[in-house]
Every structure is written in C-alpha cells, then in structure tokens.
Amino acid sequence: MIVDSLHNAKKYYDLHPNFRKAFEYVQQNDISALEEGTFEIAEGLKVIVIVGEGTTRDESIKGFECHDQNIDIQISIKGPETFAWKPREKCISPNGDYSNERDVRFFHDKPDMFFQLQGEQFAILFPEDVHAAMIGEGLLKKIVIKVKI
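Every chain is numbered on its own, with residues counted from 1 as its sequence reads. Per-residue local features of the predicted model are confined to residues with pLDDT of at least 70, and side-chain atom pairs are confined, for both listing and counting, to 80 or more; whole-chain, interface and lining totals are unaffected and use all residues. Side-chain numbers come from the whole structure's heavy atoms, not from hydrogens or water.

Novice: Help me out: how do you make sense of the packing of aromatic side chains in this one?
Specialist: Any pair of aromatic rings gets described here by the distance separating the centres and the angle formed by the planes. Here the aromatic set is Phe, Tyr and Trp, taking the six-membered ring for Trp, and pairing holds for ring centres within 6.5 Å; pairs whose planes are under 30 degrees apart are stacked, those over 60 apart are edge-to-face, and all others are tilted. A full pass over the atoms with the stated rule returns four aromatic pairs. With a centroid separation of 5.1 Å and 5° between ring planes, the pair formed by Phe-83 and Phe-115 is classed as stacked. Of the two residues, Phe-83 is situated in strand 6 (residues 81-87) and Phe-115 in strand 8 (residues 113-117); the sequence distance between them amounts to 32 residues. The exposure class assigned to Phe-83 is buried, which follows from its relative accessible area of 0%. Three labels apply to residues, based on accessible area from a 1.4 Å probe with only protein chains included: buried if under 20% of the type maximum, exposed if over 50%, partly exposed otherwise in between. Taking the relative accessible area as the measure of exposure, Phe-115 reaches 11% and is therefore buried. Ring pairing ties together the aromatic residues Tyr-12, Phe-23 and Phe-122, which thus form one cluster. Placement of a charge over a ring requires the Lys NZ or Arg CZ to be within 6 Å of the ring centre, with the centre-to-atom vector within 35 degrees of the ring normal. Against the face of Phe-114 rests Arg-57, its NZ or CZ located 3.8 Å from the ring centre. Each helix corresponds to a stretch of at least 4 residues labelled H or I by DSSP, and each strand to a stretch of at least 2 residues labelled E; elements are numbered beginning at the N terminus.

This is the structure we're talking about:
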C-alpha cells in the first residue's frame, strides 16, 4: 500500500505501465466535477466515481476486500475518508469465494490499522492489501481507478 498526496504522483509512474496515464488523467481533468458512475479512460484503466454517505467502521468492515486482477488507486475528493487495512497474508477468515466476474474477495478478519485521506490524497492498494473504505461522516466523494494487472 502507498499513501501520498497527488502533488507527488509522478514518483509512482514507473511502478506500473498505466500509473502515468491514471495520474495524468487526474491532473488533466476536474475530478471534483465528475459525475457518479463508471467509465473507461484507457485500455486497462477504469474510473469509478463514488458519491455516498460515510459509514461507521463496523459497517464498512463488512466489505473488507481485496482484488486479484486490479490495483486500486483511490483518491479522496470530498472527505475526509477513513480506510481500514490489513495485509492479505495475515487474513485467515474468508467471507465467501473469490468472484472472478467482480474481481473481489471478502474477509471476516479485523483490520490491523485505520488511516485517513483528505482531499487531494490517494492510496494505491495492491492485491495484497485487504481494505475497506467510505468510513466517515456526511457526504463523501472519491474516485477509484482500477488498474488492470
């Protein structure tokens, strides 16, 4: 997992061939004006704009998840937004089977830590990062960029 400010995004361009495209998209567009929904921005890059009421830690952890086929770049637009996190290698209690169609695996495990993103901050969550998001109060807005592995 990586947590940083959009100001430092260039530092991560070389980690994956599509990271440059993802962060350039964010820099070249007014992400605060994006409408809720899902759309492709390039081959292997999908943007999901999420607007919703924040949830409690307990409610959010019910969706404690990770992905096998995608890396998430999650960017807070309106927050703050709190995330739960635990390394996948320490998760021992699956919550159902992996869904290839949705690229998601859920766990019953408890997180090791919580962290918070403010506006203009992001988290890069790799397949080994089990996470839950949208923890907070009031209306939250974010984008998730799915980067195909």
